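Observations on the model geometry
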2 protein chains.
Amino acid sequence: MNELARRVKEASIKLAGAGGELKNKALAEIAEALMKRKEQIIEANREDLIRSEKENLPAPLLKRLKFDEARIADVVDGIKSLMGLPEPVGKTLLATELDEGLELYRVTCPIGVIGVIFESRPDALVQISTLCLKSGNGVLLKGGSEARQTNRILAEIIIRAAEEAGIPPNWAALLETRSDVSEMLKMDQYIDLVIPRGSNDFVRYIMDNSRIPVMGHADGICHCYVEEDADIPMAVKIAVDSKTQYVAVCNATETLLVNEKAAPKFLPELKKALDTKQVEIIGCSKTREVIPSSPASEEDWKTEYLDYKLSVKVVSGVDEAIDHINKYGSGHTDSIVTASREKAARFMEYVDSGNVFWNCSTRFSDGFRYGFGAEVGVSTGKLHARGPVGLEGLLIYKYKLIGSGQVVEDYASRSRTFRHKKLDSDFPL
Amino acid sequence: MNELARRVKEASIKLAGAGGELKNKALAEIAEALMKRKEQIIEANREDLIRSEKENLPAPLLKRLKFDEARIADVVDGIKSLMGLPEPVGKTLLATELDEGLELYRVTCPIGVIGVIFESRPDALVQISTLCLKSGNGVLLKGGSEARQTNRILAEIIIRAAEEAGIPPNWAALLETRSDVSEMLKMDQYIDLVIPRGSNDFVRYIMDNSRIPVMGHADGICHCYVEEDADIPMAVKIAVDSKTQYVAVCNATETLLVNEKAAPKFLPELKKALDTKQVEIIGCSKTREVIPSSPASEEDWKTEYLDYKLSVKVVSGVDEAIDHINKYGSGHTDSIVTASREKAARFMEYVDSGNVFWNCSTRFSDGFRYGFGAEVGVSTGKLHARGPVGLEGLLIYKYKLIGSGQVVEDYASRSRTFRHKKLDSDFPL
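Residues numbered from 1 in each chain as written. Chains lettered and ligands numbered in written order. Predicted model: local features only at pLDDT ≥ 70, side-chain atom pairs only at ≥ 80, totals over all residues.

Here we look at the overall build of chain A
Broken down by element type, chain A carries 17 helices and 17 strands. Put simply, chain A has 429 residues, and 55% of those count as buried. Once local pairs closer than 6 in sequence are excluded, the contacts in chain A between residues at least 24 apart make up 72%. (Helix = DSSP H or I, 4+ residues; strand = E, 2+ residues; numbered from the N terminus. Buried ≥ 20, exposed ≤ 12 C-beta atoms within 10 Å, placed from the backbone. Contact = placed C-beta atoms within 7 Å.)

Written out as structure tokens, the structure reads:
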């Protein structure tokens with residue numbers, strides 16, 4: 001395992017210098033190989049499905065595990081859209097003339113080696129490995145054990161196709177056991193970033209057991225807040241979509257907050273709409289004065305239901321809504337419905353979440369919908385990358401300084417001084 | 001302590017919405033208060049110096065601890081240059097029209113609460129707290145105990161002046177004991193980022209004992225590599241400055257690498273120049289065939305001397321130099337001296353360090369020299385911010401989405417499609 005990580009690290013340094021054309025050629029060959037060998041992939045996936053059914057994997061997980069012809073076509077489409085995105089490595093972010101003949105450039109580069117631990121969906125393996133390839137990063141992949149046969153053949157196809165296209169060997173590797181993961185968490189000399197996709201507890205476990213930086217893709221306790229002046233039909237429509245469009249995902253709304261002045265008119269309309277979708281309402285005492293519902297406890301404000309359940313709280317106004325969200329939310333996505341530009345601005349300024357919305361559904365926070373192509377997940381952390389994380393989140397930069405013999409002593413002794421002039425040029429080498 | 005951190009967190013949310021004018025007014029009042037109360041500061045510092053001398057603090061540390069009139073004038077100048085920098089919060093980084101009336105903006109915002117643990121220099125307290133203020137972050141400050149009286153009065157002056165200018169109370173707090181630090185490391189619900197300034201071991205200790213993200217300001221094992229075609233006088237000048245301009249800092253060069261074809265001409269010239277500065281050379285066997293020196297062991301390539309000592313290794317060419325640096329370096333700063341554009345490009349592409357230089361001294365990697373104004377330190381990590389970290393490294397962004405009632409179901413059912421059109425406008429609220 002140590003040897004494996006060392007080899008991926010070595011390859012990643014070479015991969016960092018691979019041009020956009022070579023990487024796109026490799027992506028094209030991966031897409032072709034996946035299509036060509038789809039029968040084998042489907043066969044391997046069938047083994048996973050049969051075994052998992054015997055092991056009584058719940059139906060929703062079985063559904064996520066399934067990797068059929070349509071899913072293969074989807075991931076191939078994803079690879080093609082990734083090929084269409086501009087080359088992310090080598091972009092000049094800042095250029096400054098420090099002095100005559102002494103020019104500083106801040107230039108994007110890959111992070112290095114990324115360790116990704118993902119859940120049962122096999123399409124995650126394809127998305128993550130191709131995002132890492134396009135961004136020039138080496139990658140260690142660990143998928144759910146339910147999907148082991150599917151992951152094995154997908155990894156084999158992707159790694160081989162990339163290497164045949166000319167990508168440095170060993171840029172990617174598949175880990176298969178839980179003990180591989182605990183070893184991986186110790187290898188901070190080879191691995192630069194760990195991305196765990198899974199529950200909050202899982203992400204915390206990883207953070208507590210590794211000194212490698214972790215980009216957290218944790219739970220989502222998302223909110224909709226309905227202001228006094230909200231258009232009621234719009235507020236109902238947004239609340240229903242935020243809650244029910246797909247309940248099992250992190251950007252679904254879990255708590256609805258409503259201004260006490262809007263509550264008498266809004267809550268009955270909301271209840272009528274949610275009843276048609278069989279959503280259970282768990283309300284605070286003021287909510288229950290307006291509509292029937294189960295009583296909410298303190299615990300409900302902290303709970304991610306991922307189910308047809310919505311907690312509802314009546315608040316005095318936008319400031320109480322902001323306080324509630326900052327106290328109980330998970331910094332994921334929160335939306336305000338209001339006709340007031342000032343209240344929207346206040347909400348978007350002070351709610352401390354990665355995604356703050358005005359007059360639209362919380363379900364929009366997603367890399368594809370944002371136009372980023374693919375995503376490795378949604379970060380609720382506040383360092384490096386926040387919200388949906390696409391190619392850019394897998395990059396960092398280095399400073400490149402071009403001189404002509406300059407030494408610091410000349411500036412320390414004041415025989416020369418810095419001019420710090422902004423340049424418009426790209427890094428010239 | 002828990003209560004203290006909670007209060008700073010609460011204040012940080014308000015501070016995030018403070019405008020540039022208010023923050024600059026507070027900085028101006030801080031500068032004025034420091035000048036007005038300089039006698040008291042110098043008196044407090046005298047107590048620290050007397051106590052530390054009694055406790056036999058080494059002379060270089062005593063020198064760093066000293067905070068006299070000239071140093072106060074320096075930090076006040078620093079605050080004034082910080083005031084001149086553009087407001088960093090609220091900048092639109094990306095704007096996309098997702099669909100008609102549905103606009104996405106990526107807007108800079110503060111990280112939240114920063115915990116900074118710094119060494120004995122009292123000017124660090126002023127620089128860090130004012131950088132945090134300008135970037136809108138709350139801050140918990142822990143300085144070296146040698147400087148406790150100086151830190152106490154500086155913190156009191158800064159916090160009071162800012163609050164009198166209208167900054168939310170409790171935006172900053174001073175911690176005084178070691179047990180405060182261990183408690184701080186547990187408060188991931190209130191603290192978003194820890195910046196430890198100190199030795200590699202200290203940074204690792206922090207990483208191992210906290211799930212709060214750490215921005216590492218670790219040691220520097222920096223290299224100069226002299227190519228076959230290097231201009232010898234230029235190479236000597238750069239090597240001498242990189243090693244001796246200030247030996248006790250992280251961007252001083254520790255190892256010199258030289259192409260075997262340049263060694264016979266270059267090394268004698270280097271030795272002559274280093275002898276005048278009393279630098280001890282520790283050489284590999286090939287080096288010792290050309291110039292007299294102590295023998296280098298494997299350990300020397302991994303050692304940060306921070307002293308008048310230089311390890312020297314003869315290599316076969318630029319690729320061996322790159323491999324050596326990536327194996328033994330700390331990812332800080334490395335410089336190549338060469339006449340060849342191709343070799344410089346190769347070196348700057350494949351050396352995996354935050355700062356890669358061509359034909360200039362490693363001592364240039366510094367926030368002030370780069371034109372960033374102040375810095376919180378130099379990061380050798382590869383996430384979030386790399387190299388010298390100024391205001392930008394204390395910021396993150398949030399996504400702000402403005403709609404007019406849009407729901408995801410319409411896009412899922414394909415009754416509407418995304419257009420993802422780039423916009424040139426700033427966030428309008």
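Some words on unusual backbone geometry
The residue Asn56(A) is not glycine, and still its phi comes out positive at about 60°. Residue His384(B) is not a glycine yet carries a positive backbone phi of 70°. Mapped onto the fold, His384(B) is located in the loop between β14 (377-379) and β15 (387-389).

Topic: the relation of the copies chain B and chain A
For these two chains of identical sequence, chain B goes onto chain A by a turn of 180° and a shift of 0.0 Å along the axis, with RMSD 0.0 Å. The superposition of one copy onto the other is thereby described by a two-fold rotation axis. Among all C-alpha atoms of chain B, that of His384(B) lies closest to the rotation axis, at 1.9 Å. Comparing interface residues between copies, 100% of those in chain B also lie at the interface in chain A; the contact surface is shared. (Least-squares fit on C-alpha atoms with pLDDT ≥ 70 in both.)

Thoughts on the interface of chain B and chain A
Across the boundary between the two partners, chain B contributes 66 residues, which contact 66 residues of chain A. Top element by residues in the side of chain B that touches chain A is strand β16 (residues 395-406) of chain B. It accounts for 11 residues. Grouping the constituent residues of the side of chain B that touches chain A by class yields 31 nonpolar, 19 polar and 16 charged. Pairing of strand β16 (residues 395-406) of chain A with strand β13 (residues 355-360) of chain B involves 5 bridges; the strand directions are parallel. (Nonpolar A, V, L, I, M, F, W, Y, C, P; charged D, E, K, R; others polar. Pairing = 2+ DSSP bridges.)

Some remarks on the sheet that holds strand β7 (residues 222-226) of chain A
Here 11 strands make up an open sheet; going across it, the order is β10(A)-β9(A)-β11(A)-β8(A)-β7(A)-β12(A)-β13(A)-β16(B)-β2(B)-β1(B)-β17(B) and the pairing mixed. Sheet topology places β10 (294-295) of chain A together with β17 (421-422) of chain B at the edges, where each strand pairs with a single neighbour. By the bridge criterion, 6 bridges tie strand β1 (residues 92-99) of chain B to strand β2 (residues 102-110) of chain B in an arrangement that is antiparallel. Bridging from a neighbouring strand, Leu94(B) pairs with Arg106(B) of β2(B). Helix α14 (residues 318-328) of chain A rests against β7, β8 (253-259), β11 (309-315) and β12 (333-337) of chain A of the sheet, and its axis sits at about 135° to β11(A). (Axes fitted to C-alpha atoms, helices over the stretch in contact; angles between N-to-C directions.)

As for the pairing of strand β13 (residues 355-360) of chain A
Residues and elements named next belong to chain A. Taking burial as the measure, the 6 residues of β13 include 6 buried ones, the bulk of the element. Of the pairings in the sheet, the one linking β12 to β13 comprises 4 bridges and is parallel in character. When the sheet's bridge partners are listed, Ser335 is paired in β13 with Phe357. In the classification by handedness, the crossover that spans β12, the intervening helix α15 (residues 341-350) and the parallel β13 is right-handed. (Right-handed = clockwise from strand over helix to strand, strands pointing away.)

With respect to the sheet that holds strand β5 (residues 172-175) of chain A
All names here are of chain A. What the 4 strands build is an open sheet, ordered β5-β4-β3-β6; its pairing is parallel. At either margin of the open sheet sits one strand with a lone partner, and together these are β5 and β6 (193-196). When the angles between neighbouring strand axes are averaged without regard to direction, this sheet yields 15°. Two elements, strand β3 (residues 113-117) and β6, share 4 bridges in a ladder whose sense is parallel. Bridged to Val116 within β6 is Ile195. Across the sheet, helix α1 (residues 2-15) is in contact with β3, β4 (138-142) and β5; its angle to β4 comes to roughly 140°. Along the sheet face, helix α6 (residues 122-134) touches β3, β4 and β5 and points at about 165° away from the line of β4.

Observations concerning the environment of Asp180(A)
Residue and element names in this part refer to chain A. Checked against the element boundaries, Asp180 lands in helix α8 (residues 178-184). As a C-alpha pair, Asp180 and Phe372 span 192 residues in sequence and 31 Å in three-dimensional space. Setting aside chain neighbours within four positions, we find Asp180 in contact with Met1, Lys142 and Leu175.

Notes on the packing of helix α2 (residues 20-36) of chain B against helix α5 (residues 69-84) of chain B
All names here are of chain B. With their axes 10 Å apart at the nearest point, α2 and α5 run at an angle of 170° to one another. When the axes of α2 and α5 are compared, the pair comes out roughly antiparallel. Two secondary-structure elements touch here, α2 through Asn24, Leu27, Ala28, Ile30, Ala31, Leu34 and Met35 and α5 through Ile72, Val75, Val76, Ile79, Lys80, Leu82 and Met83. Within the contact of α2 with α5, the residues separate by chemical class into 12 nonpolar, 1 polar and 1 charged. (Parallel < 35°, antiparallel > 145°, perpendicular 65-115°, else oblique.)

Notes on the domain arrangement of chain A
Residue and element names in this part refer to chain A. Under the domain assignment, chain A is made up of domain 1 (2-217 + 376-394) and domain 2 (222-367). Placing a centre on the C-alpha atoms of domain 1 and another on those of domain 2 gives a separation of 34 Å. Taken together, the 8 residues of domain 1 in the interface contact 10 residues of domain 2. Classifying every residue of the side of domain 1 that touches domain 2 gives 3 nonpolar, 4 polar and 1 charged. (Domains from an automatic or database assignment.)

Here we look at the confidence of the model for chain A
Overall, the prediction assigns chain A a mean pLDDT of 94, with 100% of residues at 70 or greater. Both scores are available for the predicted complex, with the pTM at 0.91 and the ipTM at 0.91. (pLDDT = per-residue confidence, 0-100.)

Observations regarding helix α11 (residues 263-275) of chain A
Residue and element names in this part refer to chain A. Counted at 1.5 Å a residue, the expected span for α11 with its 13 residues is 18 Å, and the 17 Å between its end C-alpha atoms agrees. Regarding α11, the residues found buried are Ala263, Phe266, Leu267, Leu270 and Leu274. Projected down its long axis, α11 shows its buried positions confined to an angular sector of 95°, all on one face. In α11, the exposed residues that point more than 90 degrees away from the buried face are Lys272 and Asp275. Here the buried face of α11 lies against β7, α10 (232-244), β8, β9 (280-283), α12 (285-290) and β11. (Expected span 1.5 Å × (residues − 1). Arc of directions from axis to C-beta.)

Comments concerning the environment of Leu125(B)
Residue and element names in this part refer to chain B. Note that Leu125 resides in helix α6 (residues 122-134). On the neighbour-count criterion, Leu125 (27 C-beta atoms within 10 Å) is buried. C-alpha of Leu125 to C-alpha of Val376: the two residues are 251 residues apart in sequence and 10.0 Å apart in space.

Observations regarding the packing of helix α3 (residues 38-54) of chain A against helix α7 (residues 148-165) of chain A
Residues and elements named next belong to chain A. Relative orientation of the contacting elements α3 and α7 amounts to 155°, with a least axis distance of 7 Å. Considered as vectors, α3 and α7 are oriented roughly antiparallel to each other. The residues of α7 that touch α3, namely those facing Gln40, Ile41, Ala44, Asn45, Glu47 and Asp48, are Arg148, Gln149, Thr150, Arg152, Ile153 and Leu154. When grouped by side-chain class, the residues that make up the contact of α3 with α7 number 4 nonpolar, 4 polar and 4 charged.

A short note on the pairing of β7(A)
All names here are of chain A. The element β7 is largely enclosed, with a buried count of 5 among its 5 residues. Burial of β7 is two-sided: the residues Cys222, Cys224 and Val226 facing one way and the residues His223 and Tyr225 facing the other way are all buried. Running through α10, the crossover from β7 to the neighbouring parallel element β8 is right-handed.

Some thoughts on α7(A)
Residue and element names in this part refer to chain A. An ideal rise of 1.5 Å per residue puts 26 Å on 18 residues; α7 measures up with 26 Å between its terminal C-alpha atoms. Those residues of α7 not exposed but buried are Thr150, Asn151, Leu154, Ala155, Ile157, Ile158, Ile159, Ala161 and Ala162. Residues of α7 that are buried in the fold lie against α2 (20-36), α3, α6, β4 and β5. Trailing α7 by a residue or two, Gly166 shows a phi angle of about 110°, which is positive.

Focus: the environment of Gly136(A)
All names here are of chain A. Note on placement: Gly136 falls in the loop between α6 and β4. Once the C-alpha coordinates of Gly136 and Phe118 are considered, the two residues, 18 residues apart in sequence, prove to be 20 Å apart. Contact partners of Gly136, with chain neighbours within four places excluded, come to Leu15, Ala16, Ala18, Val89 and Pro110.

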